Amino acid sequence: MRYALLLLPLALLSTVPQAQKSRSRVGFVNVQQAVAAMPNSAGYLSLQKRVDADLKAKQSSLQKLATQAQKTRKAADVQAYQKAQQGLASAQKNYNTRLAKEFKPLQTRLNSVVASVARGSGFTVVLDRRVAAQSGVVVYANTSATDLTPAVVKALKK
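Q: Just to check I follow, could you spell out the overall build of the protein chain for this structure?
A: Counting its secondary structure elements, the protein chain contains seven helices and two strands. Across the protein chain, helices and strands are ordered from the amino to the carboxyl terminus as α-β-α-α-α-β-α-α-α. Counting every position in the protein chain, which comprises 158 residues, the buried fraction comes to 23%. For the protein chain, restricting intrachain contacts to residue pairs at least 6 apart in sequence, the fraction spanning at least 24 positions comes to 78%. As presented, the protein chain carries roughly 11600 Å² of accessible surface, and 57% of it is formed by carbon and sulfur atoms.

Take a look at the structure:
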């Protein structure tokens, strides 16, 4: 019994090196660039460009209304700001629905190509570079070692 208690910690310690050997690699793909390389993506890219421009204009207008509302503190200015906020939220929701519908046919092919390239390159996780940058999830990444975009674009063109 005493020997079993002595051997148990040694057995557990012997498994630690194997657990440390499997390394996870995180890669990034510029999805917009990959989609641009796909056939039949013109409709989605055109819609994305219009959506980005419209949302940017709405956000700029919202910022001006926020500044005005803070400066004057008038009920009408605050109400205009709140109405603009609701309009922006509604527009984002509608645009996201339209973009998702337009992207769906492209998504299946893109996801399978990204997964194939990632597996072949030894990556265990792949993130959309744009989403990672906007969300602040990734603080630093060595793009020369983690960017799978060129390989994905090459595979999409086959």
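Q: I would appreciate a short explanation of the packing of aromatic side chains in the present structure.
A: Geometrically, a pair of aromatic rings is defined through the distance of the ring centres and the angle of the planes. Using the criterion set out here, one finds one aromatic pair in the structure. When the ring centre of phenylalanine 123 is taken as origin, the NZ or CZ atom of arginine 25, which lies over that ring, is 4.0 Å away.

Q: Hey, could you run me through helix H7 (residues 149-156) in this one?
A: Each turn of an α-helix holds 3.6 residues, which means side chains three or four residues apart point in the same direction. What H7 keeps buried is the set Thr149, Val152, Val153 and Leu156. The buried residues of H7 occupy one face: seen down the axis, they fall within an arc of 100°. Of the exposed residues in H7, the ones pointing more than 90 degrees away from its buried face are Pro150 and Lys154. Among the structural elements, strand S1 (26-29), helix H2 (31-36), helix H4 (75-121) and helix H5 (129-135) are those in contact with the buried residues of H7.

Q: What am I meant to see in the nonpolar core here?
A: Most often, soluble globular proteins have nonpolar side chains that are buried together. With 27 residues, the main nonpolar core has Leu110 and Val152 as its most contacted residues. Of all the secondary-structure elements, those providing two or more residues to this core are H2, helix H3 (42-72), H4 and H7. Broken down by element, the residue count for this core peaks at 11 residues, all from H4.

Q: Please clarify how the side chain of aspartate 77 should be interpreted in this entry.
A: Examined against the element boundaries, aspartate 77 turns out to sit in helix H4. Aside from chain neighbours lying at most four places away, what touches aspartate 77 is Gln68, Ala69 and Thr72.

Q: Could you clarify how one ought to interpret unusual backbone geometry in this entry?
A: The bulk of non-glycine residues show a negative phi, and the bulk of peptide bonds are trans. Unusually for a residue other than glycine, asparagine 40 sits at a positive phi of about 65°. As for its placement among the helices and strands, asparagine 40 is situated in the loop between H2 and H3. Among the residues examined, asparagine 40 registers a relative accessible area of 76% and is labelled exposed. You will see that arginine 73, though not glycine, has its phi angle at about 55°, which is positive. Here arginine 73 lies in the loop between H3 and H4. For arginine 73, a relative accessible area of 69% puts it in the exposed group.

Q: Sorry, what's going on with the side chain of serine 41 here?
A: Structurally, serine 41 is set in the loop between H2 and H3. With residues near it in sequence (within four places) discarded, serine 41 still touches Val35, Ala36 and Leu106.

Q: Please explain the environment of proline 105 as it appears in this structure.
A: Checked against the element boundaries, proline 105 lands in helix H4. The sequence separation of proline 105 and tyrosine 44 amounts to 61 residues, and the corresponding C-alpha distance is 9.9 Å.

Q: Please clarify how the confidence of the model for the protein chain should be interpreted in this entry.
A: Reading predicted coordinates in detail is not appropriate for stretches of low pLDDT. Overall, the prediction assigns the protein chain a mean pLDDT of 86, with 86% of residues at 70 or greater. A low-confidence stretch, residues 3-12 stays under pLDDT 50, and its non-local contacts, those more than four residues away or across chains, total zero contacts.

Rules of the game
Residues numbered from 1 in each chain as written. Predicted model: local features only at pLDDT ≥ 70, side-chain atom pairs only at ≥ 80, totals over all residues. Heavy atoms only, no water. Helix = DSSP H or I, 4+ residues; strand = E, 2+ residues; numbered from the N terminus. Buried < 20%, exposed > 50% of the residue type's maximum accessible area, 1.4 Å probe, protein only. Contact = heavy atoms within 4.5 Å. Areas by Shrake-Rupley, 256 points an atom, 1.4 Å probe, with all protein chains shown as cover. Phe/Tyr/Trp six-rings, centres within 6.5 Å; stacked < 30°, edge-to-face > 60°. Lys NZ or Arg CZ within 6 Å of the ring centre and 35° of its normal. Arc of directions from axis to C-beta. Core = buried A, V, L, I, M, F, W, Y, C linked by side-chain atoms within 4.5 Å. pLDDT = per-residue confidence, 0-100.

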